[in-house]
Amino acid sequence: MRRSREGKDVMTTLLRRIVAVAVLLAVLVSGGAPASRAAEKVTVGVGGVALMVYLPTALAKAKGYFAEEGLDVEILDIKGGGSQAASALIGGSVDFSANAIDHAIKARTRGKDLIAVHSHVRLPVMGLVVANKYKGEIKSIADLKGRPLGVTSPGSQTHMVLGYLLVKSGVKADEVKIVGAGGNTMPLALEKDSVHAGMMVDPFFTVFLKQGKGYALVDMFTTKGTVEAMGGEVQGTTLLTRPDVIARRPATVQKMVNALVRANKLIVGSSGEELAKALPRELSGDPKLYAESFEHAREAFPADSLVSREGVARVIETMRVFDVVPAGTKIDPESLFDNRYVLKALGR
Amino acid sequence: MLATSGVDKVSRAEVYLWRVVLLGAFLILWEAATRRGWVDPFFVSQPTVLAMQIADWIRTGFIFRHLVVTMQETIIGFLLGTLLGVAVGFLFAHWEKLARIFDPLMVALNAMPRVVLAPLFILWFGLGLLSKVVMVVSLVFFVVFFSTYTGIREVDRDLVNNARILGASPRHMIRHVLLPSALTWIFASLRTSVGFALIGAVVGEYLGSHEGMGYVISYAESMFNATGVLAGLLVLMAAVIAIDIGLQRLDARFSYWKPVPK
């Protein structure tokens with residue numbers, strides 16, 4: 001009996017101490033962050049935040065635009081690329097994702113709705129690069145027939161766009177070998193001859209060309225190159241969210257879009273050097289190189305931030321090539337985006 | 001005691017019955033849960049849809065092309081890894097000094113998470129067969145090596161001494177004493193390492209390839225196609241079970257080698 005009472009006493013003392021420490025901590029923490037209205041927490045999934053196509057989100061965060069809207073935005077850089085970021089959005093782990101519109105289309109074919117509320121870029125921002133070794137042999141897309149070709153990962157946007165380019169040039173999808181070679185490992189795959197040509201994103205595209213290791217067969221960083229290759233506009237990366245987020249937190253969506261519209265305006269009016277300086281070092285990498293690759297992709301950033309209906313419709317068409325959007329399935333481009341928030345932010 | 005074998009037979013039938021009942025109940029529950037909307041089939045698919053997907057893959061022959069590639073990588077890597085593991089295990093068990101010198105290295109190498117190394121393997125050995133085989137070997141080798149090493153060290157000392165007294169040459173010793181005793185250990189490790197071998201091949205394909213089950217699964221995943229991912233996994237599971245049954249048969253065939261325990 002006595003023993004157990006002693007044990008009890010020890011327990012109470014211990015408990016008291018824990019409570020005391022907890023109270024102390026609480027006081028300290030609240031003292032550290034005085035009265036200011038708690039910012040609303042928002043999470044954004046991104047598959048590789050350093051990539052050029054995610055610049056609006058990265059910049060809005062770096063310049064404090066989200067904070068000025070009263071949002072505490074946490075960018076979750078999700079390993080595994082855009083598909084994983086979109087999965088996180090569908091699964092409810094994040095509130096938004098900066099994602100190619102492709103993911104909203106794929107989700108739709110499986111009965112899930114994702115809505116694009118802001119356009120990060122209005123071009124694919126990728127290029128088809130051929131290793132120098134094949135300079136004499138590969139002069140057009142039709143020459144790619146029967147060769148191993150690299151995409152960042154199977155089913156990604158690079159895969160879909162490449163498929164579309166091939167079919168447009170009369171090469172059937174099963175007449176080439178599509179290799180999932182990874183975004184950052186694509187240069188090596190080309191050098192090692194694992195693939196003869198590959199879809200490249202920046203900064204790898206700019207670096208590879210600069211090093212003189214290959215040449216661009218298709219350059220979709222510019223409007224001209226995109227229109228030539230694809231026949232018109234192609235909607236690129238957007239800010240996606242779920243209908244339930246729009247329904248429950250419309251004000252938050254508006255604030256997100258406000259900050260991103262501001263970011264796009266800044267991008268359009270800035271030089272590459274200025275942008276590289278505005279970004280944290282871990283995102284800009286080599287500032288000179290970043291500035292260079294930005295100047296190359298400058299036209300991709302829309303001053304008005306509006307999602308393009310024609311661009312979305314064309315992406316849907318690219319996805320019919322591999323039956324990602326089955327032949328019988330109709331998807332209304334209008335149902336995939338909502339420009340109201342951007343229009344409001346623009347004051348229109 | 002006399003009835004033991006009879007009881008065994010009954011319980012075996014019972015075990016099978018239970019397996020079937022549990023599996024059936026699980027599938028029915030799964031199907032019902034998705035049909036009634038308790039869980040979203042977007043995330044977990046549906047047994048009937050899965051079955052249709054696999055049937056479709058088999059009918060079109062689509063899955064065999066990829067399964068053959070994966071199995072090729074698995075089996076080549078598995079055989080090489082096993083051979084290497086047994087050889088080095090033998091060497092180390094036989095040559096104490098070697099074992100003592102390399103012990104920390106082996107432990108360190110084994111502790112390395114090789115799945116994380118996979119992208120490097122792909123850089124070093126390309127996107128084809130070789131990188132996957134290396135990946136498989138790196139996984140299988142250590143399992144087999146440690147088992148062989150232990151197996152030979154654990155051989156009954158009396159047996160070894162008796163054989164020596166009876167005038168067994170080193171070659172006889174290996175063939176009639178060491179190898180048979182270690183074989184139980186080696187076979188036990190083989191069943192474990194088959195699973196590892198498949199993991200190695202699939203992870204390799206998942207990260208960079210143009211064919212194979214890892215490619216199929218990775219593609220389905222990027223299409224938000226839970227059915228494709230699960231169907232791919234089911235096919236792999238079936239393949240592992242098939243290999244495991246084969247190994248068990250092999251083990252039974254070799255088990256007469258086992259020395260009778262004291």
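Cut-offs and rules
- Residues numbered from 1 in each chain as written.
- Chains lettered and ligands numbered in written order.
- Predicted model: local features only at pLDDT ≥ 70, side-chain atom pairs only at ≥ 80, totals over all residues.
- Helix = DSSP H or I, 4+ residues; strand = E, 2+ residues; numbered from the N terminus.
- Buried ≥ 20, exposed ≤ 12 C-beta atoms within 10 Å, placed from the backbone.
- Contact = placed C-beta atoms within 7 Å.
- Domains from an automatic or database assignment.
- Nonpolar A, V, L, I, M, F, W, Y, C, P; charged D, E, K, R; others polar.
- Pairing = 2+ DSSP bridges.
- Arc of directions from axis to C-beta.

(A) Representation of the overall build of chain A within the structure. Regarding its fold elements, chain A presents 16 helices and 10 strands. Counting all 348 residues of chain A, 50% fall into the buried class. Considering only contacts in chain A between residues 6 or more positions apart, those separated by 24 or more positions represent 79%.

(B) Geometry of the domain arrangement of chain A. Residues and elements named next belong to chain A. By the assigned domains, chain A splits into domain 1 (40-123 + 235-346) and domain 2 (127-219). Taking the mean C-alpha position of each, domain 1 and domain 2 sit 25 Å from one another. With 19 residues of domain 1 in contact, the opposing surface of domain 2 contributes 16 residues. Per-element accounting of the side of domain 1 that touches domain 2 gives the leading share, 6 residues, to helix H14 (residues 287-297). When its residues are assigned to classes, the side of domain 1 that touches domain 2 shows 10 nonpolar, 7 polar and 2 charged.

(C) How the structure looks around unusual backbone geometry. Residue and element names in this part refer to chain A. In this structure, Asp193 takes a positive phi of about 70 degrees despite not being glycine. By secondary structure assignment, the location of Asp193 is in the loop between helix H7 (186-191) and strand E8 (197-200). Given 12 C-beta atoms within a 10 Å radius, Asp193 is considered exposed.

(D) Just the domain arrangement of chain B, in detail. In terms of domain boundaries, chain B breaks down into domain 1 (1-39) and domain 2 (41-257). Contacts between the two partners involve 5 residues from domain 1 of chain B, matched on the other side by 6 residues from domain 2 of chain B.

(E) Main features of the pairing of E8 of chain A. Residues and elements named next belong to chain A. Side-chain alternation along E8 places Ala197 and Met199 on one buried face and Gly198 and Met200 on a second face that is also buried. Where strand E5 (residues 127-131) and E8 come together, 4 bridges link them in antiparallel fashion. Note on E8: the bridge partner recorded for Val129 is Gly198. Pairing of strand E6 (residues 148-151) with E8 involves 2 bridges; the strand directions are parallel. Looking across to E8, one finds that Leu149 is bridged to Ala197.

(F) Up close: H14 of chain A. Residue and element names in this part refer to chain A. Three or more residues of H14 are buried, namely Tyr290, Ser293, Phe294, His296 and Ala297. Mapping the buried residues of H14 onto a view down its axis gives an arc of 160 degrees, with all of them on the same face. The elements touched by buried residues of H14 are helix H8 (204-210), helix H12 (272-278) and helix H13 (281-284).

(G) Molecular detail of the environment of Leu109 of chain B. Along the polypeptide, Leu109 of chain B turns up in helix H5 (residues 96-111). Separated by 33 residues in sequence, Leu109 of chain B and Phe142 of chain B place their C-alpha atoms 8.7 Å apart.

(H) Fine view of helix H6 (residues 114-125) of chain B. All names here are of chain B. The complete set of buried residues in H6 reads Arg114, Ala118, Phe121 and Ile122. Each buried residue of H6 sits inside an arc of 115 degrees when the element is viewed along its axis, so together they form one side. When the buried face of H6 is taken as reference, the exposed residues oriented beyond 90 degrees from it are Val116 and Leu120. Each element contacted by the buried residues of H6 is listed here: helix H7 (129-153) and helix H9 (170-207). Positive phi shows up at Gly126, right after H6, with a value of about 85 degrees.

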